[in-house]
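# Coordinates in review
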2 protein chains.
Amino acid sequence: MKLLEERIRKDGSVKAGGVLKVDSFLNHQIDVDLFNEMGKEFKRLFADRPINKILTIEASGIGIACIVAQHFGVPVVFAKKAKSINLDGEVYSTKIESFTHQRVYDVIVSKKFLSADDHVLIVDDFLANGCAVDGLIDLIRSAGATVEGVGIAIEKGFQEGGKRIRGKGLRVESLAIIEQMDDVTGEITFREQA
Amino acid sequence: MKLLEERIRKDGSVKAGGVLKVDSFLNHQIDVDLFNEMGKEFKRLFADRPINKILTIEASGIGIACIVAQHFGVPVVFAKKAKSINLDGEVYSTKIESFTHQRVYDVIVSKKFLSADDHVLIVDDFLANGCAVDGLIDLIRSAGATVEGVGIAIEKGFQEGGKRIRGKGLRVESLAIIEQMDDVTGEITFREQA
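First, a word on scope: everything that follows refers to the structure included in this document.

Turning our eyes to something else, we now look at the environment of Asp-106 of chain A. Residues and elements named next belong to chain A. As for its placement among the helices and strands, Asp-106 is situated in strand E7 (residues 103-110). With 46 residues separating them in the primary sequence, Asp-106 and Ile-152 have C-alpha atoms 22 Å apart. Non-local contacts of Asp-106, meaning those with residues more than four positions away in its chain, are made with Ala-82, Ser-93 and Lys-95.

What follows is the structure, given as structure tokens:
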């Protein structure tokens, strides 16, 4: 998606250790108009899928999932890290390792909000090693629901997550795929997409 | 806001210890259409204020803030709990005690995203003891920015937060204010609002 690639070039910055900072529009400050354009594009890409629910994970996935959900006319469910006292009843749970926070989270979804009838689009802001998406797939399959696809804003194509998840036969659509990035020159190369 | 009050009566449930579960539409599964109606109402209520930014706090405030922001045509900034390695540079910080999670969080906003020129609407899903809103006010004032108001989905009117924050001269608009709730009968009484 050219609009997102251009925005990453303009406002993103490459840091050491494979970090891309896009906090001015994606995951700290949020450009809601850009998210709406991304929502339109996901709707176009997944138009043939009978999606009735969007699943994401807190925290930075929630904003994009909510804006995207408007384009599908479906509710959002966000998986929660760790158990709060407000979440009683039974839950599906999995473990997700966070690259950003360098720790492992227990992640849960209430059984009330995922069932065998659900056809789910996973939405998240980043795909790198794919641990978060793996965890969400695990939650969906625990419920007997169907994973209709994975919609990602920015994929780090030089990490293995995208390849591994596509290798499972799942459809992954990333609006921008970074092939290479250089924290010295700041240069970013995107994968060509149809 | 009648629509929200009706939804709370229909799908909310009162638990022991002053807990109201609204996780089927507000803070685990999200009804995006309802959030859009809430966004319209906040825009009506704060139409006279020169709001150029919406500030919320992760995680459950992000969805509502993003949907509401569309009605104001402004970006969202969400304050983050604890420091991640992706957040370098200087930040404003404060401490917020969470009733739900029974712990104290360090909460930060990058100095890039709040400045003395900003006129900020705080948006959050719940107002109870008001600790989260106090923290967000503290962050805004640290930046020399202006708090234009506080927009809340559900206020627990039997806790002290709303009264205390209004007592500071700030405008707080809560779309549903619970005056009393009973975890034995399940009965909920809302405060009458003009």
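That shown, we press on.
What follows covers the packing of helix H3 (residues 61-72) of chain A against helix H3 (residues 61-72) of chain B. Running from amino to carboxyl end, H3 of chain A crosses H3 of chain B at an angle of 45°, the nearest separation of the two axes being 8 Å. On the basis of the axis angle, H3 of chain A is oblique to H3 of chain B. Pair H3 of chain A / H3 of chain B crosses with right-handed handedness. Residues Ile-62, Gly-63, Cys-66 and Ile-67 of chain A of H3 of chain A pack against Ile-62, Gly-63, Cys-66 and Ile-67 of chain B of H3 of chain B. A class-by-class count of the residues in the contact of H3 of chain A with H3 of chain B yields six nonpolar, two polar and no charged.

All names here are of chain A. Where burial is concerned, most of strand E4 (residues 53-57) is hidden: five out of the five residues are buried. Where burial is concerned, the two faces of E4 agree: the one with Lys-53, Leu-55 and Ile-57 and the one with Ile-54 and Thr-56 are both buried. The sheet contact formed by E4 and strand E8 (residues 119-127) spans three bridges and is parallel. Of the residues in E8, the one forming a bridge with Lys-53 is Val-120. Sheet analysis places E4 next to strand E5 (residues 76-81), joined by four bridges and oriented parallel. The residue of E5 that forms the bridge with Leu-55 is Val-77. Once you follow E4 into H3 and on to E5, the crossover reads as right-handed.

Reading the values: rules and limits
Residues numbered from 1 in each chain as written. Chains lettered and ligands numbered in written order. Predicted model: local features only at pLDDT ≥ 70, side-chain atom pairs only at ≥ 80, totals over all residues. Helix = DSSP H or I, 4+ residues; strand = E, 2+ residues; numbered from the N terminus. Contact = placed C-beta atoms within 7 Å. Axes fitted to C-alpha atoms, helices over the stretch in contact; angles between N-to-C directions. Parallel < 35°, antiparallel > 145°, perpendicular 65-115°, else oblique. Left-handed = near helix turned anticlockwise from the far one by under 90°. Nonpolar A, V, L, I, M, F, W, Y, C, P; charged D, E, K, R; others polar. Buried ≥ 20, exposed ≤ 12 C-beta atoms within 10 Å, placed from the backbone. Pairing = 2+ DSSP bridges. Right-handed = clockwise from strand over helix to strand, strands pointing away.

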